[in-house]
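If you want the building blocks of each chain, they are given just below.
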Number of protein chains: 2
Amino acid sequence: MKWSWKLARIAGIDVNIHATFLLLVLWFAWIYWANFGTVFAAIQGAVYIITLFGCVVLHEFGHALTARRFGVVTKHITLLPIGGVAAMEKMPEKPFEEMLVAVAGPAVNLVIALLLWVWIHLTNTQISAELLMGIDGSFAFRLMVVNIFLALFNLIPAFPMDGGRILRAALATRMSHAAATAKAATIGQGFAILFGILGVFYNPFLLLIAIFLWLGATAENQMEQNRDVLEHMTAEQAMLTEFRIVSPDDVLSHAVEHTIAGSQKDFPVGSRHLLTHVLTQNQLVQALHDHDRSTRIHELDLPTLITVDASTPIKNLLDNMQSHHCNMVAVEKNGELAGIVNLENIMELIRFSQAMQARRR
Amino acid sequence: MKWSWKLARIAGIDVNIHATFLLLVLWFAWIYWANFGTVFAAIQGAVYIITLFGCVVLHEFGHALTARRFGVVTKHITLLPIGGVAAMEKMPEKPFEEMLVAVAGPAVNLVIALLLWVWIHLTNTQISAELLMGIDGSFAFRLMVVNIFLALFNLIPAFPMDGGRILRAALATRMSHAAATAKAATIGQGFAILFGILGVFYNPFLLLIAIFLWLGATAENQMEQNRDVLEHMTAEQAMLTEFRIVSPDDVLSHAVEHTIAGSQKDFPVGSRHLLTHVLTQNQLVQALHDHDRSTRIHELDLPTLITVDASTPIKNLLDNMQSHHCNMVAVEKNGELAGIVNLENIMELIRFSQAMQARRR
């Protein structure tokens, strides 16, 4: 994610912090300073919000380490002002496994709350009724309350929040994964509207969560429906058969001419018999910035182009492109180059298929 | 703009209201209700914010009607919670004219304040020192103060706010328009950072303005730099010479095949001798949704394709595309079809030219 820095690497997972999170820490310090007027109070404010987000990180590790048991890799965990985000490669597709991954986060908060409760009792802190009403009280007590709140809030069945994922998994035991996601996403959007209205009147923070929830529900549903359309499709159906190849010996200005003359943006590099690299438009622009126009393409440091068979399922292609950080693959049929597939063409195929499916219904 | 409705049409200009503005009215009513506890107070809150935004509309009409004197058409004025936006076709390019257009908005607020001051004096309202400090006081008095504030705030030299436009115009008398815009935009971004910091600590509203200011300064500068690159370029330099034409007699599935097989997205419709319409990907997707795959292209209701000469400046092409709501034009040379130009190709030309310019510097 842009504007985020690596803070630590724990259990093989990078923990990143987004710049806006620092604003939140500053803001808390400021509120405490405004209320109590001392630098000590300001530090207390900052320590409190940082400890709280420490619990959020543990919550995300609950998800990530459970997912790892089912073979799902988490690339990093990022701290944003509205919470933590674990960038998992995917969710486990078996409903029961997804459910366990979703439950693991809130469960961590409940365990933290339980440990704090034991600590509070061992140190003989009195808990009065007034204490239970507000979130006044000792550091440990407030942290316990807020962890219980975090667990309960995340269990609200608003997809893609944890509770919503549990709901989706439950629905997926009785219908297709795509249909379950569509239903859970609609409920998630309903909650987003509700949070939005509450946010306007009570807490602007809730408004922010409403926006993320709405966007998240929409995007995850879209992705799931796309995945569903691609279910039985192969590379052969998505491939471009009309495309230009640039030779490693071509000069940059040659590639510019090709780009302006036609609609193709990214070019496979090599010959009809052996494509080896990809020259994307971004790389070409960067190269024009760094080198002379008469530089030859083989002098650039370009990503390798991988080749797949025409019968490869498109789902696998997408995973392949993502892990190679390359939006193009070459397609072979009977050992000969048959075409190329890029992300744009897959998106076109999805659009056309969905339009025709909607018509058939 | 999405989510906005037409409220009125004044002097040939549509006044639109954005859905989020209604939230602001509700919010004000709520604040007044929370403070005074009566429905009457809530109505007062709503009336106050609506009257205030009436002044904002007059401010925008100040810009729009002055711009009209210099031949610039304003398509509509939209009310957003952070203020009004007048959608002018362009700003006058002569610095002095741009300056007058920019000054006209704040000037309207000062005139309103002056009229209110006269009214307050005619009705013999006492103005005490306490009144001058807070914005307590009569409706007319508060409205006068806020209009003076609006005039002064808008005159802050933070491009693209009014004061920033005046600054740009002043700079443009000594350097190129593009260089003046770059300088004004940098200053505008500086103000955006300042507003952002003040916003975090004092007023979240200022944070919102900071975001709009940053995005606005960046976008307007980018547009101006693009315009500068295109200065002496013609349609011939941006045109695609390798492209497919679809025939009016082709069926939809034919266009789908062409799209999947190659990189072209939008197709001119007709023959090499006479191109008449454009079939965009969006229209094709919509057609697949509404009609059978065997429908012929001439049965669809497609936009007309206009033809320009190869020597036409690209700047004019862009205006042409915008007024025809069509992202493609056909290019003729010596009376014969030479190519097509679409927005994407113009953007590619801009990227390449800017990269090569940056290298030459």
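Residues numbered from 1 in each chain as written. Chains lettered and ligands numbered in written order. Predicted model: local features only at pLDDT ≥ 70, side-chain atom pairs only at ≥ 80, totals over all residues. Heavy atoms only, no water.

Draft legend 1. Up close: the overall build of chain A. A count of helices and strands for chain A gives 13 helices and 9 strands. Overall size of chain A, expressed as C-alpha extent along the three principal axes, is 80 × 55 × 40 Å. Once local pairs closer than 6 in sequence are excluded, the contacts in chain A between residues at least 24 apart make up 60%. Of the roughly 18900 Å² of accessible surface on chain A, 63% is carried by carbon and sulfur atoms. Each charge class in chain A can be summarised by its mean position, and for the 25 positive and 29 negative side chains these summaries are 6 Å apart. (Helix = DSSP H or I, 4+ residues; strand = E, 2+ residues; numbered from the N terminus. Contact = heavy atoms within 4.5 Å. Areas by Shrake-Rupley, 256 points an atom, 1.4 Å probe, with all protein chains shown as cover. Lys, Arg positive; Asp, Glu negative; His and termini not counted. Charge placed at Lys NZ, Arg CZ, Asp CG, Glu CD.)

Draft legend 2. Summary view of the pattern of salt bridges. All names here are of chain A. Applying the stated criterion across every chain, the model contains 18 salt bridges over all chains. Residues D14 and R9 are paired through a salt bridge, measuring 2.8 Å at the closest nitrogen-oxygen approach. Residues participating in the shared-partner salt-bridge network are K6, R9 and D14. (Salt bridge = Lys/Arg side-chain N within 4 Å of Asp/Glu carboxyl O.)

Draft legend 3. Molecular detail of the packing of helix α3 (residues 95-122) of chain A against helix α5 (residues 139-154) of chain A. Residue and element names in this part refer to chain A. For the pair α3 and α5, the least separation of the axes is 8 Å and the interaxial angle reads 155 degrees. The angle between α3 and α5 falls in the class roughly antiparallel. Here α3 and α5 pass one another in a crossing that is left-handed. When α3 is examined against α5, the residues P106, N109, L110, I112, A113, L116, W117, W119 and I120 are found in contact with a partner set consisting of A140, F141, L143, M144, N147, I148, L150, A151 and N154. (Axes fitted to C-alpha atoms, helices over the stretch in contact; angles between N-to-C directions. Parallel < 35°, antiparallel > 145°, perpendicular 65-115°, else oblique. Left-handed = near helix turned anticlockwise from the far one by under 90°.)

Draft legend 4. A look at the interface of chain B and chain A. At the interface, 43 residues of chain B touch 43 residues of chain A. Carbon and sulfur atoms supply 57% of the area buried between chain B and chain A, which totals about 4000 Å² over both sides. Considering only the surface of chain B that becomes buried against chain A, I260(B), F352(B) and R359(B) emerge as the three largest contributors, covering 17% of it. The interface formed by chain B and chain A holds 4 salt bridges in total. One salt bridge in this structure joins R244(A) and E242(B), with 2.6 Å as the shortest N-O distance. (Buried area = accessible area lost by both parts, 1.4 Å probe.)

Draft legend 5. Highlighting the UniProt feature "transmembrane region" (unreviewed entry) in chain A. Residues and elements named next belong to chain A. Those places that UniProt annotates as "transmembrane region" (unreviewed entry) correspond, in this numbering, to residues 12-33, 39-59, 99-120, 140-159 and 191-217. In residues 12-33, helix accounts for 68% and strand for 27%; the two terminal C-alpha atoms are 38 Å from one another. When the span residues 99-120 is considered, its composition is 100% helix and 0% strand, and the gap between its end C-alpha atoms is 32 Å. (UniProt positions renumbered as here; feature names shortened; annotations may be inferred.)

Draft legend 6. Molecular detail of the nonpolar core. F21(B), I49(B), F53(B), L79(B) and M88(B) are the most contacted members of the largest nonpolar core, which totals 39 residues. Sorting elements by how many residues they give to this core places helix α2 (residues 39-69) of chain B first, with 13 residues. Look past the residues within four positions of F53(B) in its chain and what remains in contact with it is F21(B), L24(B), L79(B), L80(B), P81(B) and G83(B). Of all hydrophobic cores here, the second largest spans 38 residues; its members include L24(A), I49(A), M88(A) and M91(A). (Core = buried A, V, L, I, M, F, W, Y, C linked by side-chain atoms within 4.5 Å. Buried < 20%, exposed > 50% of the residue type's maximum accessible area, 1.4 Å probe, protein only.)

Draft legend 7. How the structure looks around the sheet that holds strand β1 (residues 4-10) of chain B. Residues and elements named next belong to chain B. Read across the sheet, 4 strands follow the order β1-β2-β3-β4 without closing on themselves; strand pairing throughout is mixed. For this open sheet the edge positions go to β1 and β4 (83-88), each flanked by a neighbour on one side alone. Here the strands of the sheet are splayed against their neighbours by 25 degrees on average, with no regard to which way each runs. Sheet topology places strand β2 (residues 13-18) next to strand β3 (residues 74-80); 4 bridges connect them, and they run parallel. Bridge pairing in β3 places N16 opposite T78. Set on the sheet, α2 makes contact with β1, β2, β3 and β4; between it and β4 the angle comes to about 20 degrees. (Pairing = 2+ DSSP bridges.)

Draft legend 8. Highlighting the relation of the copies chain B and chain A. Note on the identical chains: chain B maps onto chain A by a rotation of 180 degrees and an axial translation of 0.1 Å, with an RMSD of 0.1 Å. Here the two chains are linked by the operation of a two-fold rotation axis. Among all C-alpha atoms of chain B, that of S263(B) lies closest to the rotation axis, at 2.7 Å. In this assembly the copies share their binding face: 100% of the residues contributing to the interface of chain B also contribute to that of chain A. (Least-squares fit on C-alpha atoms with pLDDT ≥ 70 in both.)

Draft legend 9. Here's a closer look at the domain arrangement of chain A. Residue and element names in this part refer to chain A. Taken domain by domain, chain A holds domain 1 (1-155), domain 2 (159-229) and domain 3 (235-360). Each of domain 1 and domain 2 was reduced to a C-alpha centroid, and the two centroids are 22 Å apart. Taken together, the contact between domain 1 and domain 2 spans 15 residues of the former and 18 residues of the latter. Carbon and sulfur atoms supply 72% of the area that domain 1 and domain 2 bury against each other, a total of about 1400 Å² over both sides. There are 1 salt bridge connecting domain 1 and domain 2. (Domains from an automatic or database assignment.)

Draft legend 10. Representation of empty space enclosed by the protein in the model. Under the criterion given, the structure shown has 1 cavity of 30 Å³ or more. What the largest cavity holds in volume is close to 240 Å³. Lining the largest cavity are 21 residues, and of these S263(A), K265(A), S263(B), Q264(B) and K265(B) sit closest to its centre. Elements supplying a minimum of two residues to the lining of the largest cavity: α13 (343-360) of chain A together with β9 (336-342) and α13 (343-360) of chain B. Taken together, the residues that form the lining of the largest cavity break down as 3 nonpolar, 10 polar and 8 charged. (1 Å grid on protein atoms, 1.4 Å probe; cavity = no way out; pocket = protein on both sides within 12 Å on 5 of 7 lines; lining within 4 Å. Points joined across faces, edges and corners; volume = space filled by probe spheres on them. Nonpolar A, V, L, I, M, F, W, Y, C, P; charged D, E, K, R; others polar.)

Draft legend 11. Quick peek at the packing of aromatic side chains. Taken as a whole and judged by the stated rule, the model has 22 aromatic pairs over all chains. On the basis of an interplanar angle of 55 degrees and a centroid distance of 4.6 Å, the ring pair of F21(B) and F53(B) is categorised as tilted. With F21(B) in helix α1 (residues 19-36) and F53(B) in helix α2, the pair connects residues that are 32 residues apart, well separated along the chain. By relative accessible area, which is 4% here, F21(B) ends up buried. Residue class for F53(B) comes out buried when judged on its relative accessible area of 7%. Joined through ring pairs, the aromatic side chains of W27(A), F28(A), Y32(A) and F36(A) make up one cluster. Cation over ring: R142(A) sits above Y48(A), and NZ or CZ is 4.6 Å from the ring centre. (Phe/Tyr/Trp six-rings, centres within 6.5 Å; stacked < 30°, edge-to-face > 60°. Lys NZ or Arg CZ within 6 Å of the ring centre and 35° of its normal.)

Draft legend 12. Quick look at the pairing of strand β6 (residues 274-279) of chain B. Residue and element names in this part refer to chain B. Relative to β6, strand β5 (residues 267-271) is paired through 5 bridges, and the arrangement is antiparallel. Of the residues in β6, the one forming a bridge with V269 is H277. As consecutive antiparallel partners, β5 and β6 are separated by 2 residues.

Draft legend 13. Quick look at the environment of V73(B). All names here are of chain B. As for its position among the elements, V73 is in the loop between α2 and β3. As for V73 and I13, which are separated by 60 residues in sequence, their C-alpha atoms are 9.0 Å apart. Leaving out residues up to four positions away in the same chain, V73 has contacts with A87, M88 and E89.

Draft legend 14. Representation of a nonpolar patch on the surface within the structure. All names here are of chain A. Among the surface-exposed residues, I193, I197, F205, L207, L208, I211, F212, W214 and L215 lie close enough to one another that they form a single nonpolar patch of about 810 Å² accessible area. Only α7 (177-201) and α8 (204-229) provide two or more residues apiece to the nonpolar patch. Per element, the largest residue contribution to the nonpolar patch is 7 residues, and it comes from α8. (Patch = residues over 30% accessible without salt bridge, like charges linked within 9 Å, V, L, I, M, F, W, Y side chains within 5 Å.)

Draft legend 15. Seen up close, α13(B). Between its terminal C-alpha atoms α13(B) stretches 26 Å, which fits the 26 Å expected from 18 residues at 1.5 Å a residue. Taken residue by residue, α13(B) has N345(B), I346(B), E348(B), L349(B), I350(B), F352(B), S353(B), A355(B) and M356(B) as its buried positions. Each element contacted by the buried residues of α13(B) is listed here: α10 (252-261) and α11 (281-290) of chain A together with α8 (204-229), α9 (235-238), α12 (314-324) and β9 of chain B. (Expected span 1.5 Å × (residues − 1).)

Draft legend 16. Fine view of the UniProt feature "binding site: Zn(2+)" (unreviewed entry) in chain A. All names here are of chain A. UniProt's feature table lists "binding site: Zn(2+)" (unreviewed entry) at H59, H63 and D162, given in the numbering used throughout. Spanning 104 residues, the annotated positions come together in the fold, the maximum distance between their C-alpha atoms being 10.8 Å. Within the secondary structure, H59 sits in helix α2 (residues 39-69). Looking at H59, the relative accessible area reads 5%, which means it is buried. Excluding residues that lie within four positions of it along the chain, H59 makes contacts with G105, P106, V108, N109, N154 and D162. We classify D162 as buried; its relative accessible area is 8%. In this view, D162 contacts H59, H63, A102, P106 and N154; residues no more than four positions away in its chain are not counted.

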